[in-house]
Amino acid sequence: MPMSATNAPPATPDSGAESVPFRQFLLKIHSRCNLACTYCYMYEAADQSWRQKPRSMTPATVRRASRLMAEHAAEHGLSEVHVVLHGGEPLLVGAERLEALLGTVTDALAGIATPRFTLQTNGIRLAEDPRLLPVLDRHGVRIGVSLDGTPAAHDRHRRRADGRGSHAATVRALELLMEPAHRHLFAGLLCVIDPTTDPLETYDALLRFTPPRLDLLLPHGTWQAPPPGLAARISPPTAPPAPGATRPAPYADWLRVVFDRWYGAPSRETGIRLFEEIMVLLLGGTARSEVVGLTPVDLVVVETDGAIEQADSLKVSYPGAPETGLHVFRDTFADAAAHPAFRARQRGLSGLGPVCRSCARSRVCGGGLYAHRYFPEATPVFSAPSVYCDDLAVLVDHIGARLRRDIAALTVPRPKASR
């Protein structure tokens, strides 16, 4: 999902530091989907709580969550907040309810903070219901669309419940977003990596739609339920990967090919968030997402039933992993910010396990995505290195080497001109 920036310094709860305020509020406005993607962490992973959730968020829950957002923004002096509409498939709520929801959030924040709306969708409903785009336009909702590359690669995983592919329907939505009247709403594409595909073929298929940004995502997995291609890894490493390590890194191999094409292009083709974040971190900057780096988490989720939860990617680990026991009708976002589950993700380097803390790459990879560190035999269970540890090490080293070469070339003294 698209993530916004935070410049808050890493907080260390053990030292009495104040909790980090939330700047991103992810609203699960619909808990069902019109696709049955093979890798979906919502429906195919360990946590099956969606079965007990209401299909959509009620107006009363929207009003209460919006009021709490406004109170939180006022308390922390936030001039803007990022509101992410998510699912399931969020556009299943329909145009009328979507209009009402966006109006409720905007009214609640009026005079306090500007809402920056984004929405992540598979795009199918955009093409099916012509009433949706005008609603999204009126409220300035930036739209991210999920597309996994070529028709064959996309339809291998992103299928309808009856097995039919969805690529053609998603392309119809993207063609709408590419029209001049709607282009300003297009936030970019989200692609889940399949290392068995051709990386450049996939990249070119995505570039066809001239996205302003790409999110290349590692499929969610843990040491207990490894992602495709990494099933042989049954336990975390006990030491950081050495430079030039020979263990297979299929996801890094795929990403390195795309990085070299993207970085070496004569002109900018698009933004790729993962590469840009790693480059910024290697150069001493601050990350803007939870995928890499050590920036404290500032994202909170409100489920369709009003439960206040952590990032939904945790559903891949074990049943109930994102839960906090908090609810918008009983608690506030200040309560959530002070919750131990959120505080544990605001400790920077000290929040990592011993293997990650001893690794020279830790300030760049940040231990990887929190959900990918889950190992039930570890104490605590999210203290293991990422299941993608080797891949992250290879990718960070590759990008770092490329940057060092280019920086060295720029700093070589030029010979003085003869007179």
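Keep in mind that this is a model prediction, so the values were computed, not measured.

Conventions we followed
- Every chain begins its residue count from 1, and numbering advances along the sequence as written.
- Only residues with pLDDT of at least 70 get local features here, since the model is predicted, and only at 80 or more are side-chain atom pairs given and counted; chain-wide, interface and lining totals rely on the full set of residues.
- Hydrogens and waters are ignored; side-chain quantities use all the structure's heavy atoms.
- For the purposes of this analysis, a disulfide is any pair of cysteine sulfur atoms at a distance within 2.5 Å.
- Throughout, exposure labels follow a simple rule: accessible area from a 1.4 Å probe, protein chains only, divided by the maximum for the residue type, with under 20% read as buried, over 50% as exposed, and the rest as partly exposed.
- Each salt bridge in this description consists of a side-chain nitrogen of Lys or Arg and a carboxyl oxygen of Asp or Glu lying within 4 Å of one another.
- Per the convention used, a helix needs a DSSP run of H or I reaching at least four residues, while a strand needs a run of E reaching at least two, with both numbered from the N terminus.
- Multiplying 1.5 Å by the residue count of a helix minus one yields the expected span of that helix.
- For this analysis, residues touch if any pair of their heavy atoms sits within 4.5 Å.
- By convention a nonpolar core is built from buried Ala, Val, Leu, Ile, Met, Phe, Trp, Tyr and Cys residues, the set being connected through side-chain atoms within 4.5 Å.
- Pairing between strands is defined by DSSP: at least two bridges between them are needed.
- Without a salt bridge and with relative accessible area above 30%, a residue can belong to a patch; like charges are then joined within 9 Å and nonpolar side chains (Val, Leu, Ile, Met, Phe, Trp, Tyr) within 5 Å.
- Only the protein chains shown count as covering a residue, and every accessible area follows the Shrake-Rupley method with a 1.4 Å probe.
- Centres within 6.5 Å are what make two rings of Phe, Tyr or Trp a pair, Trp counting through its six-membered ring; a difference in plane orientation under 30 degrees is then read as stacked, over 60 as edge-to-face, and the rest as tilted.

Draft legend 1. Examining the state of the cysteines more closely. Within this structure, the stated rule accounts for zero disulfides. Cys-37 supplies the cysteine sulfur nearest to Cys-33, a cysteine that is in no disulfide, at a spacing of 6.0 Å. No disulfide involves Cys-191; its sulfur sits 12 Å from the nearest other cysteine sulfur, which is in Cys-37. Overall, Cys-191 belongs to the buried group, its relative accessible area being 2%.

Draft legend 2. Layout of the pattern of salt bridges. All told, the structure shown has 24 salt bridges when counted by the stated rule. One salt bridge connects Asp-47 with Lys-315, and the closest N-O pair in it is separated by 3.9 Å. Taken as a pair, Asp-47 in the loop between strand S1 (24–28) and helix H1 (59–76) and Lys-315 in the loop between strand S9 (307–309) and strand S10 (323–327) lie far apart in primary sequence, 268 residues in all. Grouping residues by exposure puts Asp-47 and Lys-315 together as buried. Two residues, Arg-273 and Asp-215, come together in a salt bridge whose shortest N-O distance is 2.6 Å. Here the residue Arg-273 occupies a position in helix H9 (residues 273–282), and Asp-215 occupies one in strand S6 (residues 213–217), the gap between them amounting to 58 residues. We note that Arg-273, like Asp-215, is buried.

Draft legend 3. Representation of H1 in the model. Compared with the 26 Å implied by 1.5 Å per residue over 18 residues, the 26 Å span of H1 between its first and last C-alpha is a close match. Those residues of H1 lying buried are Thr-61, Val-62, Arg-64, Ala-65, Ser-66, Leu-68, Met-69, Ala-70, His-72 and Ala-73. Those residues of H1 that are buried are in contact with S1, strand S2 (80–86), helix H2 (95–109), strand S8 (299–302) and helix H10 (333–337). Following H1 by one or two positions, Gly-77 adopts a phi angle in the positive range, close to 65°.

Draft legend 4. A look at the nonpolar core. By size, the foremost hydrophobic cluster in this structure holds 96 residues, and its most contacted members are Leu-98, Leu-216 and Phe-275. No other element matches helix H8 (residues 250–264), which puts seven residues into this core. Counting residues in hydrophobic clusters, the runner-up holds 17 residues, among them Cys-40, Ala-45, Leu-314 and Ala-321.

Draft legend 5. Molecular detail of the environment of Pro-241. Secondary-structure assignment places Pro-241 in the loop between S6 and H8. Since its relative accessible area comes to 13%, Pro-241 is described here as buried. Taking the C-alpha atoms as reference points, Pro-241 and Ala-360, separated by 119 residues in sequence, lie 9.9 Å from one another. Ignoring sequence-local partners within four residues, the contact set of Pro-241 consists of Arg-361, Cys-389, Asp-390 and Ala-393.

Draft legend 6. Here's a closer look at unusual backbone geometry. Residue Gly-88 follows Gly-87 across a cis peptide bond; omega there is 10°. Of note, Gly-88 is situated in the loop between S2 and H2. Its identity as a non-glycine residue notwithstanding, Thr-210 has a phi of 40°, on the positive side. The residue Thr-210 is located in the loop between helix H7 (199–207) and S6 in this model. Among the residues examined, Thr-210 registers a relative accessible area of 40% and is labelled partly exposed.

Draft legend 7. Quick look at the sheet that holds strand S7 (residues 271–272). Pairing is mixed in the open sheet, where 10 strands are placed in the order S7-S6-S5-S4-S3-S2-S1-S8-S9-S10. Two strands lie at the open edges of the sheet, namely S7 and S10, each paired on one side alone. As defined by bridge partners, S6 adjoins S7 across two bridges and the pair is classed as parallel. Pairing of Arg-213 across the sheet is with Gly-271, part of S7.

Draft legend 8. A look at a nonpolar patch on the surface. Taken together, the side chains of Leu-282, Leu-283 and Ile-407 present a nonpolar region at the surface, about 260 Å² in accessible area. With respect to the secondary-structure elements, Leu-283 resides in the loop between H9 and S8.

Draft legend 9. A look at the packing of aromatic side chains. For the coordinates displayed, the defined rule picks out 13 aromatic pairs. Aromatic pair Tyr-318 and Phe-382: ring centres 6.3 Å apart, planes at 35°, arrangement tilted. Of this pair, Tyr-318 sits in the loop between S9 and S10 while Phe-382 sits in the loop between helix H13 (362–365) and helix H14 (389–411), and the two are 64 residues apart along the sequence. The class for Phe-382 is buried, based on a relative accessible area of 10%. Centre to centre, the rings of Tyr-370 and Phe-382 are 4.7 Å apart; their planes meet at 20°, and the pair counts as stacked. On the criterion of sequence distance, the pair formed by Tyr-370 in the loop between H13 and H14 and Phe-382 in the loop between H13 and H14 is long-range, its members being 12 residues apart.

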